[in-house]
Amino acid sequence: MITVQPTGKILGATVSGIDLSRPMSESDFRTILTALGEHGVLRFPGQELDAAALKAFSERFGPIQGSVTGKFHDPQVPEVGILSNIVENGQPIGLADAGQDWHTDMSYNRTIGFVNVLYAVKVPRRNGQALGSTVFANMRAAYDDLDPALKARLGGMTVTHDFNKFWEAMRQRPGSTRGPLTPEQRAKRPPSVHPIFLVHPITGRKVLYANPGYAIRINELGEAESDRVLEMLFEHQLQPKYQYVNEWTENDLLIWDHIGTLHNAIPDYGPDEHRLMQRCQVMADWIFDPEFQRKSLSQVAAE
Ligand code: SIN
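Residues numbered from 1 in each chain as written. Predicted model: local features only at pLDDT ≥ 70, side-chain atom pairs only at ≥ 80, totals over all residues. Heavy atoms only, no water.

A. Examining the pairing of strand S20 (residues 276-283) more closely. In terms of burial, S20 is largely enclosed, as eight of its eight residues are buried. Residue alternation in S20 divides its side chains into two sets, Leu276, Gln278, Cys280 and Val282 and Met277, Arg279, Gln281 and Met283, and both sets are buried. In this sheet, S20 lies alongside strand S5 (residues 81-84) in antiparallel orientation, the contact comprising four bridges. Of the residues in S20, the one forming a bridge with leucine 83 is methionine 277. Direction of pairing for strand S8 (residues 113-122) relative to S20: antiparallel, over a ladder of eight bridges. Paired with alanine 120 across the two strands is methionine 277, which belongs to S20. (Buried < 20%, exposed > 50% of the residue type's maximum accessible area, 1.4 Å probe, protein only. Helix = DSSP H or I, 4+ residues; strand = E, 2+ residues; numbered from the N terminus. Pairing = 2+ DSSP bridges.)

B. View of the side chain of histidine 194. With respect to the secondary-structure elements, histidine 194 resides in strand S13 (residues 192-195). At a separation of 2.8 Å, a polar atom in the side chain of histidine 194 contacts the main-chain carbonyl oxygen of asparagine 109. Contacts of histidine 194, omitting those with residues within four sequence positions, involve Ser107, Asn109, Arg110, Ile112, Thr158, Val159, His161 and Tyr209. (Polar contact = N/O pair within 3.5 Å; in protein donor to acceptor, adjacent residues only side chain to side chain. Contact = heavy atoms within 4.5 Å.)

C. Just the pattern of salt bridges, in detail. Tallying each qualifying case throughout the model produces 15 salt bridges. Here aspartate 105 ties to arginine 279 by a salt bridge, and the two come within 3.5 Å at their closest N and O atoms. Of this pair, aspartate 105 sits in the loop between strand S7 (91-92) and S8 while arginine 279 sits in strand S20, placing them 174 residues apart in sequence. Residues aspartate 105 and arginine 279 agree in their burial class; the two are buried. (Salt bridge = Lys/Arg side-chain N within 4 Å of Asp/Glu carboxyl O.)

D. Molecular detail of the sheet that holds strand S12 (residues 158-161). If you trace the three strands from one edge of the open sheet to the other, you get S13-S12-S16, paired in antiparallel fashion. What marks the edges here is a single partner per strand, and that holds for S13 and strand S16 (215-218). Strand after strand, the sheet turns through a mean of 30° between neighbouring axes, direction not considered. In terms of strand pairing, S12 meets S13 through four bridges, oriented antiparallel. Note that in S13 the partner of threonine 158 across the bridge is proline 195. (Axes fitted to C-alpha atoms, helices over the stretch in contact; angles between N-to-C directions.)

E. How the structure looks around the packing of aromatic side chains. The final tally for this structure, using the stated rule, is twelve aromatic pairs. Between the aromatic rings of phenylalanine 57 and phenylalanine 61, the centroid separation amounts to 5.3 Å while the plane-to-plane angle is 65°, which identifies the pairing as edge-to-face. Look at phenylalanine 57 and you get buried, because its relative accessible area is 4%. A network of ring pairs unites the aromatic residues Phe29, Phe44, Phe57, Phe61, Phe114 and Trp286 as a single cluster. The ring centre of phenylalanine 163 lies 5.3 Å from the NZ or CZ of arginine 189, which sits over that ring. (Phe/Tyr/Trp six-rings, centres within 6.5 Å; stacked < 30°, edge-to-face > 60°. Lys NZ or Arg CZ within 6 Å of the ring centre and 35° of its normal.)

Spatial relationships are all this shows, so hold off on functional conclusions.
Here is the structure:
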């Protein structure tokens, strides 16, 4: 039987009693969805998954976004991206994601990101200690703690998110192999505008939806004021009290909610300390469907 054990921290729960390589029942899926809304980051330890199974599990949550460059994915299952620092025959085998800093995947899309699904194939270790942890920050708690006057002032405002902000920040890093986005690549990822506070589709609770990786402008404020408020929000949302560290073990499957969290992969390992993750980036399309919104999760589960 599926069980959800919360970490007791600001985010996170461990889910056991389910083999994700097998088709998932509707009731297990609903349990996972509810837990995801509540805990933001779910860890399924000891999973044996090939790329096809990873894709099948991920697609239960929505359509998967492919890579912008068309590179670094499973040869048979292109929806499954490869994140790695491994170099073979002088060529990287995956996208090097270490040091991407705090962000929320796909906030730059018109259809924003819903979840990331990451499967740990290789985890770097030094003196027995796992490296390359991923840190998450809870945006429901960050919203709840905002000053009521600021919530009232910013309520109804919107933020522009631009993929190029993040790409350029990564490109400037020493050792980066990324070139500038081509006009075609930029056209594939044009900037998008979203409310600064989103109502989370699973919990119905408000979250702060502006992240340092992609957010470039609060559209209803002048440029200087927008910069000042964004900086203040970034500082607020990254306070240690909102953060939760996930330490990886091989065969962990981790799924996290992009709408209510930010994340940051810690680059504390060297080029010979190998990290290899398989990733599916799932978009929030049906999760914002008015029909889904109209029904509560418990009503849907009872059907
Ligand atoms: C990601 O940012 O999507 C990946 C995070 C990680 O590699 O831990």
